[in-house]
Protein chains: 2
Amino acid sequence: METITIKDIAKLCGVGVSTVSRAMNNHPDINEETKQKIMEVIKDYHYVPNNSARNLKRADAKAIAVLIKGITNPFFSKMIKIFEQEIQEKKYTFVLQHVDDHQDEVDVAIRLEKEKRLNGIVFLGGHFSHSREKLEQIPVPFVLSTIGLRDQSGSEKYSSVYVDDVKESAKMVSYLIEQGHRKIAIIASGEDDESIGRLRLEGYRRALEEHGIEYDESYVARMKDDVDSYSMENGYAVTKELLESGKDFTAIFAISDSIAIGCCKAIFDAGKSVPENYSVAGFDGLEMAAYYHPSVTTIKQPVEEMAEATIKMLFDVILNGAREQQRVFDGELIEGKSVKRIV
Amino acid sequence: METITIKDIAKLCGVGVSTVSRAMNNHPDINEETKQKIMEVIKDYHYVPNNSARNLKRADAKAIAVLIKGITNPFFSKMIKIFEQEIQEKKYTFVLQHVDDHQDEVDVAIRLEKEKRLNGIVFLGGHFSHSREKLEQIPVPFVLSTIGLRDQSGSEKYSSVYVDDVKESAKMVSYLIEQGHRKIAIIASGEDDESIGRLRLEGYRRALEEHGIEYDESYVARMKDDVDSYSMENGYAVTKELLESGKDFTAIFAISDSIAIGCCKAIFDAGKSVPENYSVAGFDGLEMAAYYHPSVTTIKQPVEEMAEATIKMLFDVILNGAREQQRVFDGELIEGKSVKRIV
DNA sequence: TTGTACGCGTTATCAC
DNA sequence: GTGATAACGCGTACAA
């Protein structure tokens, strides 16, 4: 399979390379007849232009990349679909780039921009605690989407779209309290977590405080290090331990729906019931939460609107040179059947 | 942000470009001292080599691409992780490429190979009914992984890894029959489906036949066209209609776990229970099936082994010039609590 | 309207 | 050990 290049096509057609190039790229100044002929030869010989060479030459690829950290996260699936849709609607190419757990998303972004001549970037997931200096190395506009911002200060430097994890988390815990719960356990992330996990724990703490309930460390169960974080498996393992510890509580707030589901399962497997014996609440608003039996009470993040807003903001900067901005969305508390009102 | 190139670095260091190139690519013939210095300048100036230019020049990028059709599918998540792991272990670069629903995966593969100088390709998902001629245009070894092969004939032309959907599906339906069920509804794919959906329906049919039960069209419920296929939502909608139709049946075989879960939910919402009123069985062995309440009886595809076999086969062809081969894996019937034995 | 020649940033092949 | 220089495949001024 010797690689066939634009030169070969030109020779085959008895024309110059520039004519072939013009034919492929829909340039105006070309004879319709020769163009037809060229296109035919291209088809016949299955010629495919080399993208690397193109990117090397082109100033602007009209492409937007979405960098996603943690492809396993079902929460992102819907967002990606909308990103794709919106980007293609604007006649831009959609590039989806997966980032390993141990890779630095900004490094990947910089490399990719060089390689593909991107016009903009969306970061999805990750904690994103990068220095301003590093961020400034990204030569194109970008938006942080649903990323747990540890530090709001200095955030005017970049655009972002997110829900206020502290507030929403507090909303859920307040709801549990209003349903009569006082002894509320939480399944939180590890001690050293700097991402959304910490923020959601902070919300839990704040809600308790507001309602005059003392914060008690022993109600805080941490996810296992040796199991996928935010997974059902992790939720199951932690809950199992919690139940076996004999600790007394009436409700569990899991900081994600996946955890909540693992949590429910552990309760069922222990011969207990949700919500009769224990109430369970989640976070995220995954489809799964609604389909679970019982359906899981959760905070639904408005993924559609958030994804749309992300793209809109990005293009605002790209096309209109708008300033960076932050948009905070409200989560919606969806009452399922997993929380019982107690007296 | 003027782009900084290898030339700039060379000038800055007072050396030639080739020396810089050698420093970056760990070439042996280079003075350790100058190398150190060059690397430092690279760091300081945040120089990042342009991948397009690299790919243009390099003969071989030592890269394997995984093309995935339908990123939403949770079934693929685990496989991808293993692919990544195995590929990196072989010191190859892992490239994950998403393929739109309306894109042709082979076209994407050909383009990507040209662009990135791939050494091999894994196709994940899709139905893959391509002509031999088209397949021959792929200039590097490739493996079809968990792809519903419509037509086993002529498949010696390419490597593949899959479970026998017909057989496994029949296994599940036979199991239901052995549990005493006779009136078994199935939630199948659309009439025009040529992918795994058709195969699984075929298995259903075959199992009935083997047990002397007449195949009855009216027990075949088709997924909705206007809803995501293989989704919980689809399973819910179809089951709801089925229940409202008043059709008499004791078990439902959903051709995927997601559908099965939507199915369960519809039954619960109708005030009925699983498995007391209706037994439900799924297919795939998703994590979710195990965590559902009741846990869903399903056919578990051995994803880990399949993913490992995929990579092994691919490298066998790449490194040892082995012939194409097909490997069929057995699914495992996992008994959950969603199927009741009846008399 | 079409063809020629150069440059994009990098690596590999030479000489030195 | 190091430095010119020729590719790699394509797009595009510029000339024709």
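No experiment lies behind these values; they were computed from the predicted model shown.

### Quick notes on the protein's contact with DNA strand D
- Around DNA strand D lies a shell of 26 residues, among which I6(A), Y47(A), R54(A), T19(B) and R22(B) are the nearest.
- Here the atoms of DNA strand D within 4 Å of the protein split so that 59% fall in sugar or phosphate, with bases taking the remainder.
- I6(A) is positioned with one of its backbone polar atoms (N or O) 2.5 Å from a phosphate oxygen of DNA strand D.
- Interatomic distance of 2.4 Å between a side-chain N/O atom of Y47(A) and a phosphate oxygen of DNA strand D.
- Going through the elements one at a time, α2 (17–24) and α4 (51–57) of chain A together with α2 (17–24) and α4 (51–57) of chain B are the ones with two or more residues in the surface near DNA strand D.
- No other element matches the four residues that α2(B) contributes to the surface near DNA strand D.
- Classifying every residue of the surface near DNA strand D by side-chain character gives nine nonpolar, twelve polar and five charged.

### Looking at the UniProt feature "domain: HTH lacI-type" (unreviewed entry) in chain A
- Taking the numbering used here, the UniProt-annotated feature "domain: HTH lacI-type" (unreviewed entry) corresponds to residues 4–58 of chain A.
- Helix and strand shares over residues 4–58 of chain A are 65% and 0% respectively, and the end C-alpha atoms of the span are 21 Å apart.

### What to know about a negative patch on the surface
- A cluster of acidic residues, D192(A), D225(A), D226(A), E233(A) and E287(B), forms a negative patch at the surface.
- The topology assignment puts D226(A) in the loop between β7 (220–222) and α10 (232–244).
- Overall, the relative accessible area of 69% leaves D226(A) in the exposed class.

### A few points about the side chain of T19(A)
Residue and element names in this part refer to chain A.
- Of note, T19 is situated in helix α2.
- Judged by its relative accessible area of 18%, T19 falls in the buried class.
- Here T19 is in contact with I30 and I38, once residues within four sequence places are set aside.

### Focus: unusual backbone geometry
- The omega torsion across H293(A) and P294(A) is 5°, close enough to zero to call that bond cis.
- Relative to the assigned elements, P294(A) resides in the loop between α12 (287–291) and β10 (298–300).
- Each neighbour pair has its own omega, and for V274(B) with P275(B) the value is 5°, a cis peptide bond.
- Assignment of secondary structure puts P275(B) in the loop between α11 (257–269) and β9 (279–281).
- Phi is positive for K91(A), which is not a glycine, with a value near 65°.
- Summarising the element assignment, K91(A) is placed in the loop between α5 (74–89) and β2 (93–99).
- Positioned with a positive phi, Y230(B) is a non-glycine residue whose angle comes to about 60°.
- Inspection of the secondary structure puts Y230(B) in the loop between β7 (220–222) and α10 (232–244).

### So, the protein's contact with DNA strand C
- Around DNA strand C lies a shell of 26 residues, among which G16(A), T19(A), I6(B), Y47(B) and R54(B) are the nearest.
- The sugar-phosphate portion of DNA strand C accounts for 59% of its atoms within 4 Å of the protein, the bases making up the rest.
- In the model, a phosphate oxygen of DNA strand C is placed 3.4 Å from a nitrogen or oxygen of the G14(A) main chain.
- Within the contact set of DNA strand C, a phosphate oxygen lies 3.0 Å away from a side-chain nitrogen or oxygen of S21(B).
- Elements with a minimum of two residues in the surface near DNA strand C: α2 and α4 of chain A together with α2 and α4 of chain B.
- Element by element, the count of residues in the surface near DNA strand C is highest for α2(A), at four residues.
- Taken together, the residues that form the surface near DNA strand C break down as nine nonpolar, twelve polar and five charged.

### Quick notes on the relation of the copies chain A and chain B
- The transformation that overlays chain A on chain B combines an axial shift of 0.0 Å with a rotation of 180°, and the residual RMSD is 0.1 Å. In symmetry terms, the pair is related by a two-fold rotation axis. Using C-alpha coordinates, one finds that chain A approaches the rotation axis most closely at S52(A), a distance of 2.3 Å.
- Both copies share a contact surface, since 100% of the interface residues of chain A are interface residues in chain B too.

### Some thoughts on the pairing of strand β8 (residues 251–254) of chain B
Residue and element names in this part refer to chain B.
- Judged by which residues are buried, β8 turns out to be covered on both faces: A251 and F253 on one side and I252 and A254 on the other are all buried.
- Sheet topology note: the strand β6 (residues 184–188)/β8 ladder contains four bridges and is parallel. Bridging from a neighbouring strand, A185 pairs with I252 of β8.
- One ladder, built from three bridges, connects β8 with β9; its direction is parallel.

### Some words on the sheet that holds β7(A)
Residue and element names in this part refer to chain A.
- Taken in spatial order, the four strands of this open sheet run β7-β6-β8-β9, and their pairing is parallel. Single-partner strands in this sheet number two, and they are β7 and β9 (279–281). Averaged over neighbouring strand pairs, the angle between their axes works out to 20° when direction is ignored.
- In this structure, strand β6 (residues 184–188) lies alongside β7, joined through three bridges in parallel fashion. Paired with A188 across the two strands is R222, which belongs to β7.
- Taken strand by strand, helix α8 (residues 165–178) contacts β6, β8 (251–254) and β9, and its axis lies near 170° from that of β8.
- Together, β6, β8 and β9 form the strand contacts of helix α11 (residues 257–269), whose direction differs from that of β9 by roughly 165°.

### A few points about α2(A)
Residues and elements named next belong to chain A.
- When we look at burial in α2, the residues that qualify are T19, V20, A23 and M24. In a view along the axis of α2, the buried residues occupy a sector of 135°, so they form one face of it.
- Lining the buried residues of α2 we find α1 (6–13), α3 (32–44) and α4.
- Looking one or two residues beyond α2, the residue adopting positive phi is N26, at roughly 55°.

### Regarding the sheet that holds β7(B)
Residue and element names in this part refer to chain B.
- On the basis of which strands lie adjacent, the open sheet formed by four strands has the order β7-β6-β8-β9 and parallel pairing. The open sheet terminates on both sides in strands that have one partner only, identified here as β7 and β9. With strand direction ignored, the average angle separating the axes of adjacent strands in the sheet is 20°.
- Packed onto the sheet, α10 meets β6, β7 and β8 and runs at close to 145° relative to β6.
- The strands that α11 touches are β6, β8 and β9; relative to β9, the one it contacts most, it runs at about 165°.

### What about helix α5 (residues 74–89) of chain B?
- With 16 residues, α5(B) ought to run about 22 Å at 1.5 Å a step, and its terminal C-alpha atoms sit 24 Å apart, in line with that.
- When α5(B) is considered as a whole, its buried residues turn out to be F75(B), F76(B), S77(B), M79(B), I80(B), I82(B), F83(B), E84(B), E86(B) and I87(B).
- Contacts made by the buried residues of α5(B) are with β2 of chain A together with β1 (63–69), β2 (93–99), β3 (120–124), β4 (142–145) and α13 (303–320) of chain B.

### A closer look at the pattern of salt bridges
- Following the criterion strictly, the structure yields 28 salt bridges over all chains and no others.
- When the shortest N-O distance is used, the salt bridge between K81(A) and D228(B) registers 3.3 Å. With K81(A) in helix α5 and D228(B) in the loop between β7 and α10, the pair connects residues from two separate chains.
- The partly exposed category is assigned to D228(B), whose relative accessible area is 42%.
- Ionic pairing is found between K167(B) and D330(B), a salt bridge with its closest N-O pair at 2.7 Å. Remark: D330(B) occurs in the loop between β11 (326–329) and β12 (332–334) and K167(B) occurs in helix α8 (residues 165–178); sequence separation between them is 163 residues.
- Overall, K167(B) belongs to the partly exposed group, its relative accessible area being 40%.

What counts and what doesn't
Residues numbered from 1 in each chain as written. Chains lettered and ligands numbered in written order. Predicted model: local features only at pLDDT ≥ 70, side-chain atom pairs only at ≥ 80, totals over all residues. Heavy atoms only, no water. Near = heavy atom within 4 Å. Polar contact = N/O pair within 3.5 Å; in protein donor to acceptor, adjacent residues only side chain to side chain. Helix = DSSP H or I, 4+ residues; strand = E, 2+ residues; numbered from the N terminus. Nonpolar A, V, L, I, M, F, W, Y, C, P; charged D, E, K, R; others polar. UniProt positions renumbered as here; feature names shortened; annotations may be inferred. Patch = residues over 30% accessible without salt bridge, like charges linked within 9 Å, V, L, I, M, F, W, Y side chains within 5 Å. Areas by Shrake-Rupley, 256 points an atom, 1.4 Å probe, with all protein chains shown as cover. Salt bridge = Lys/Arg side-chain N within 4 Å of Asp/Glu carboxyl O. Lys, Arg positive; Asp, Glu negative; His and termini not counted. Charge placed at Lys NZ, Arg CZ, Asp CG, Glu CD. Buried < 20%, exposed > 50% of the residue type's maximum accessible area, 1.4 Å probe, protein only. Contact = heavy atoms within 4.5 Å. Least-squares fit on C-alpha atoms with pLDDT ≥ 70 in both. Pairing = 2+ DSSP bridges. Axes fitted to C-alpha atoms, helices over the stretch in contact; angles between N-to-C directions. Arc of directions from axis to C-beta. Expected span 1.5 Å × (residues − 1).

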